[in-house]
Amino acid sequence: MALSERTVTDILGRDAIAALRKPIAEACGLPAVAYTSEAFFRLEQKEMFARTWMCLAFASDVPEPGDAIPLMAAGLPLILVRDRGNQIRVFHNVCRHRAALMVTEPCTKLKQFACPYHAWAYDLDGRLKSTPYFDGTKQGNSRTNLDLSQLGLIPVRAAVWHHWVFINLDGKAAPFAEHVRPLEDLIQGADLGATRIAHREDWEWRGNWKMQNDNWETYHHVWVHKNVFTKMSDDLDLATGEPIAEPIPLGTIVTLKRRGDQDFYPAAGDLPLIPFPEGRKRVRCTSVVFPNMTLTLQSDHLASVIADPVAADRTVSKMGFFFVGDAATDPKFAAQRAKTLSRWLGETGKMRDYGGIRSQDMKIWEQQQIARQSPVADKVVFSPVWEKNVHHFQRMLVETMLGDAAV
Ligand code: FES
Ligand SMILES: [Fe+2]
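A. Region of interest: the overall build of the protein. When helices and strands are counted, the protein shows ten helices and 18 strands. Relative to the compact-globule value of 22 Å for 407 residues, the protein shows a C-alpha radius of gyration of 23 Å, a close match. Projected onto its principal axes, the C-alpha positions of the protein cover 80 × 55 × 40 Å. Buried residues in the protein amount to 41% of all 407 residues.

B. Structural context of the environment of Met-72. Among the structural elements, Met-72 can be located in strand S2 (residues 68-73). Of the residues examined, Met-72 has 15 C-beta atoms within 10 Å and is grouped as partly exposed. Through-space distance from the C-alpha of Met-72 to that of His-92 is 9.7 Å; in sequence the pair is 20 residues apart.

C. Structural detail: the sheet that holds strand S3 (residues 76-82). Pairing in this open sheet of three strands is antiparallel, and the strands run S2-S3-S4 from one edge to the other. The open sheet has two free edges, formed respectively by S2 and strand S4 (88-92), since each of these has just one partner strand. Taking the axes of each pair of neighbouring strands and ignoring which way they run, one obtains an average angle of 30° across the sheet. Across five bridges, the pairing between S3 and S4 is antiparallel. Considered in S4, the bridge of Arg-82 is made with Ile-88.

D. Examining the packing of helix H2 (residues 14-21) against helix H10 (residues 388-402) more closely. The interhelical angle for the contact between H2 and H10, taken along N-to-C directions, is 135°, at an axis separation of 10 Å. The orientation of H2 relative to H10 falls into the category oblique. When you trace H2 past H10, the crossing you get is left-handed. Residues Ile-17, Leu-20 and Arg-21 of H2 touch H10, and the partners they reach there are Gln-394, Arg-395 and Val-398.

E. Summary view of the sheet that holds strand S5 (residues 112-114). As summarised here, the arrangement of the three strands in space is S5-S6-S7, forming an open sheet in which the pairing is antiparallel. Since the sheet does not close on itself, it has two edges, and those belong to S5 and strand S7 (128-130), each with one partner. Across the sheet, the mean angle separating the axes of adjacent strands is 35° when strand polarity is ignored. In this sheet, S7 lies alongside strand S6 (residues 121-123) in antiparallel orientation, the contact comprising two bridges.

F. Quick peek at helix H5 (residues 176-187). End to end, H5 covers 17 Å across twelve residues, agreeing with the expected 16 Å (1.5 Å per residue, within 8%). Residues of H5 that are buried: His-179, Pro-182, Leu-183 and Ile-187. Axial view of H5: buried residues confined to an arc of 135°, hence all on one face. Away from its buried face by more than 90 degrees, H5 exposes Ala-177, Glu-178 and Asp-185. Contact partners of the buried residues in H5: strand S13 (245-250), strand S14 (253-258), strand S15 (285-289) and strand S16 (293-297). In the stretch just after H5, Gln-188 is the one whose phi turns positive, near 55°.

G. How the structure looks around the nonpolar core. In terms of nonpolar packing, the biggest core is built from 94 residues, with Met-54, Leu-56, Ile-79, Leu-80 and Val-90 touching the most fellow members. No other element matches H10, which puts six residues into this core. Of the domains in this structure, domain 1 (55-159) and domain 2 (181-402) are the two that each give at least three residues to this core. Excluding residues within four positions of it along the chain, Val-90 makes contact with Leu-56, Leu-78, Ile-79, Leu-80, Pro-155, Val-156, Ala-158, Val-165 and Ile-167.

H. Structural view of the confidence of the model for the protein. Scored by pLDDT, the protein comes out at a mean of 95, with 98% of its residues at no less than 70. In this model, residues 1-5 is a region of pLDDT below 50 whose contacts with residues beyond four sequence positions or in other chains number six contacts.

I. Representation of helix H8 (residues 334-345) within the structure. When the terminal C-alpha atoms of H8 are compared, their 16 Å separation across twelve residues agrees well with the 16 Å that a helix rising 1.5 Å per residue should span. Among the residues making up H8, those that are buried are Arg-337, Thr-340, Leu-341, Arg-343, Trp-344 and Leu-345. Considering only its buried residues, H8 is in contact with strand S10 (195-205), strand S17 (301-311), strand S18 (314-324) and helix H9 (357-371). Residue Gly-346 follows H8 closely and has a positive phi angle near 95°.

Cut-offs and rules
Residues numbered from 1 in each chain as written. Chains lettered and ligands numbered in written order. Predicted model: local features only at pLDDT ≥ 70, side-chain atom pairs only at ≥ 80, totals over all residues. Helix = DSSP H or I, 4+ residues; strand = E, 2+ residues; numbered from the N terminus. Rg over C-alpha atoms; globule rule 2.2 N^0.38 Å. Buried ≥ 20, exposed ≤ 12 C-beta atoms within 10 Å, placed from the backbone. Pairing = 2+ DSSP bridges. Axes fitted to C-alpha atoms, helices over the stretch in contact; angles between N-to-C directions. Parallel < 35°, antiparallel > 145°, perpendicular 65-115°, else oblique. Left-handed = near helix turned anticlockwise from the far one by under 90°. Contact = placed C-beta atoms within 7 Å. Expected span 1.5 Å × (residues − 1). Arc of directions from axis to C-beta. Core = buried A, V, L, I, M, F, W, Y, C linked by C-beta atoms within 7 Å. Domains from an automatic or database assignment. pLDDT = per-residue confidence, 0-100.

Quick look at the structure:
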């Protein structure tokens, strides 16, 4: 067995892994150490985030050719750039001379990357162009055997899917198309490309990133989101005892898919609807794409969060809102957009006012993080009716870290 398995098993404990692997009705969820231990956090970065397709950013974070931003992912410094040919690329943010950080702040109108240490210059496609004075001459490489073609910035395997940039750091994951296929099957050809970015919101919270995914259930709705989901019949078919948003674990995603023809909450006026192929039934769903991206597909907008794990007990959430075509920016739709955003972020738009769905969730997650420091916070249990997604996500995490693809 790989050292990593022993290490993951050491931290979680064999009993806890066995308990997680049981059928949901008898299973126990991840023990507290998975949320509080920095050692486990570092293992997650190495054994899970680096092995899969993690979501890095929104493509609109680098809207124009020549835009670049520095980012951290799985503990590694990266550059996200839109090159002069309009192609999005991701590189390790490490100069090939003596490993200085190349990009330290967001840049626009770049023609090349210039290292701040000794001015080695790279094209935006990563090729090393010049190494001034490296050999004592202005030209820089006539008196040495430096082979510039071998010293380009190291690229990271990346895939752009509609508005999102994904990366696979170890380069060994199955093709991205396989990773995203469960989501594509679920959304039934919804034309996400018809939507445009309308708003971005970033915030930091004091909790472990996994709490976002553990939250992919509607059991909590009437208690946490009292202003949006006002009665249990909003979320539960009282006649059958089944949730109205069906929890569906599907390989790399967990989703909550509305039964029937209603949105999760009423549409905000006369916004244009996201197009579906002729004859296809409209789908409303909210999904986690393993490991760190969420996508909510309502009739008239998309809302998406990328979780950026900063530490075991710190996460930055990056949220984007997308509307169809000009409705993303046209002042005519400003009131409808504001109404939609206020459902998620609250009337004031301030996360710490806890008025919106996302801020209300965040409040609970921060409180959970405190509770998880307790020695009695290990053996948590799942509702087989509501929490199939939570069980699936936690198992997927552990099986990925153990290097066992079969969940
Ligand atoms: S470290 Fe980049 S040029 Fe020297
Ligand atoms: Fe919630």
